[in-house]
Amino acid sequence: MAAKKPLCTVNAVVEAPCGLVAALLTTVSAGPVGPHNGFFLAHGPDPDLRLRGGPNEFWAAIAGNPNGIRVEVDRAQAMLAVEGKWWFRAECRVLPHPKGARMTQQVFNIATSARWMVPMVARGVEGKQRGSMQRLLDRISGHLGCPAYLE
């Protein structure tokens, strides 16, 4: 996906070792989502979310979304991606930062048809992603006991 221009990019800092943050976000396996599996999806729209598949690609049905979501994990690159709806892909990478770890989340238009509609459908996506990232950072901060904040 790196060749495409993102619709938005949100950066954050977690003041914890990069490897610890990456492990927290890329620990994903088939089964129920919770604090030790699919941490980034816990407390989402479906409290009974279960992942199927693995070891690097997963699927989950979500209430109100008949197509569900697809989750891709690249543990070696400290990257996870979530795809949903007909156009949405969010990629989150964990990179070293002087204070610990930088999380970079980018949203991409992956529509295979009607791409021209995405700017209308995705209106406000950056604000929504900043809010979503802040909620994730709050959970990471509580889980790891460290500061985590948007840049």
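Residues numbered from 1 in each chain as written. Predicted model: local features only at pLDDT ≥ 70, side-chain atom pairs only at ≥ 80, totals over all residues. Heavy atoms only, no water.

### As for the pairing of strand β8 (residues 100–109)
Stage number 1. Burial of β8 is extensive: eight of the ten residues sit out of reach of the surface.
Stage number 2. Two strands pair when backbone bridges link them, and strand β1 (residues 8–14) and β8 are joined in this way by seven bridges, in the antiparallel orientation. Bridging from a neighbouring strand, Val10 pairs with Gln105 of β8.
Stage number 3. Summarising the sheet, strand β7 (residues 88–97) and β8 pair through ten bridges and their orientation is antiparallel. If you follow Arg93 over to β8, its bridge partner there is Thr104.
Stage number 4. What sits between the antiparallel neighbours β7 and β8 is a turn of two residues. (Buried < 20%, exposed > 50% of the residue type's maximum accessible area, 1.4 Å probe, protein only. Helix = DSSP H or I, 4+ residues; strand = E, 2+ residues; numbered from the N terminus. Pairing = 2+ DSSP bridges.)

### A short note on unusual backbone geometry
Trans peptide bonds make up most of the peptide bonds, and negative phi angles are found at most residues other than glycine.
Stage number 1. Backbone torsion omega between Gly54 and Pro55 reads 0 degrees, so that peptide bond is classified as cis.
Stage number 2. Note on placement: Pro55 falls in the loop between β3 (50–53) and β4 (57–62).
Stage number 3. Phi at Ala78 is positive, roughly 50 degrees, even though this residue is not glycine.
Stage number 4. Mapped onto the elements, Ala78 comes out in the loop between β5 (65–74) and β6 (79–84).
Stage number 5. In this structure Ala78 comes out as buried when scored by relative accessible area, which is 11%.

### Things to note about the pattern of salt bridges
Stage number 1. A full pass over the atoms with the stated rule returns eight salt bridges.
Stage number 2. Residue Glu57 is joined to Arg70 by a salt bridge in which the shortest nitrogen-to-oxygen separation is 3.2 Å. Of this pair, Glu57 sits in strand β4 while Arg70 is found in strand β5, placing the two residues 13 residues apart along the sequence.
Stage number 3. Each of Glu57, Arg70, Glu72, Glu83, Arg89, Glu91 and Arg93 takes part in salt bridges that share partners, so that together they form one network. (Salt bridge = Lys/Arg side-chain N within 4 Å of Asp/Glu carboxyl O.)

### Let's talk about the packing of aromatic side chains
Stage number 1. The final tally for this structure, using the stated rule, is zero aromatic pairs.
Stage number 2. A cation over a ring is seen here: Arg139 above Phe39, with NZ or CZ 4.4 Å from the ring centre. (Phe/Tyr/Trp six-rings, centres within 6.5 Å; stacked < 30°, edge-to-face > 60°. Lys NZ or Arg CZ within 6 Å of the ring centre and 35° of its normal.)

### Thoughts on the confidence of the model for the protein chain
Stage number 1. Scored by pLDDT, the protein chain has a mean of 89; 95% of the residues are at 70 or more.
Stage number 2. Considering each helix and strand of the protein chain separately, the mean pLDDT is smallest for helix α2 (residues 118–121), with a value of 72, and largest for strand β9 (residues 148–150), with 98. (pLDDT = per-residue confidence, 0-100.)

### As for the side chain of Glu91
Stage number 1. Its location among the elements puts Glu91 in strand β7.
Stage number 2. By relative accessible area, which is 3% here, Glu91 ends up buried.
Stage number 3. Polar side-chain contacts of Glu91 include one of 2.7 Å to the side chain of Arg93. (Polar contact = N/O pair within 3.5 Å; in protein donor to acceptor, adjacent residues only side chain to side chain.)

### Looking at the nonpolar core
Stage number 1. Core analysis: the largest hydrophobic core is formed by 36 residues, its most contacted members being Val14, Leu25, Phe40, Val71, Val94 and Met103.
Stage number 2. Broken down by secondary-structure element, the contributors of at least two residues to this core are β1, α1 (18–26), β4, β5, β6, β7, β8 and α3 (125–144).
Stage number 3. Excluding anything up to four places from it in sequence, Val94 contacts Cys18, Val21, Ala22, Leu25, Ala78, Ala101, Arg102 and Met103.
Stage number 4. Grouped together as the second largest cluster of nonpolar side chains are nine residues, Cys8, Trp87, Phe88 and Ala122 included. (Core = buried A, V, L, I, M, F, W, Y, C linked by side-chain atoms within 4.5 Å. Contact = heavy atoms within 4.5 Å.)

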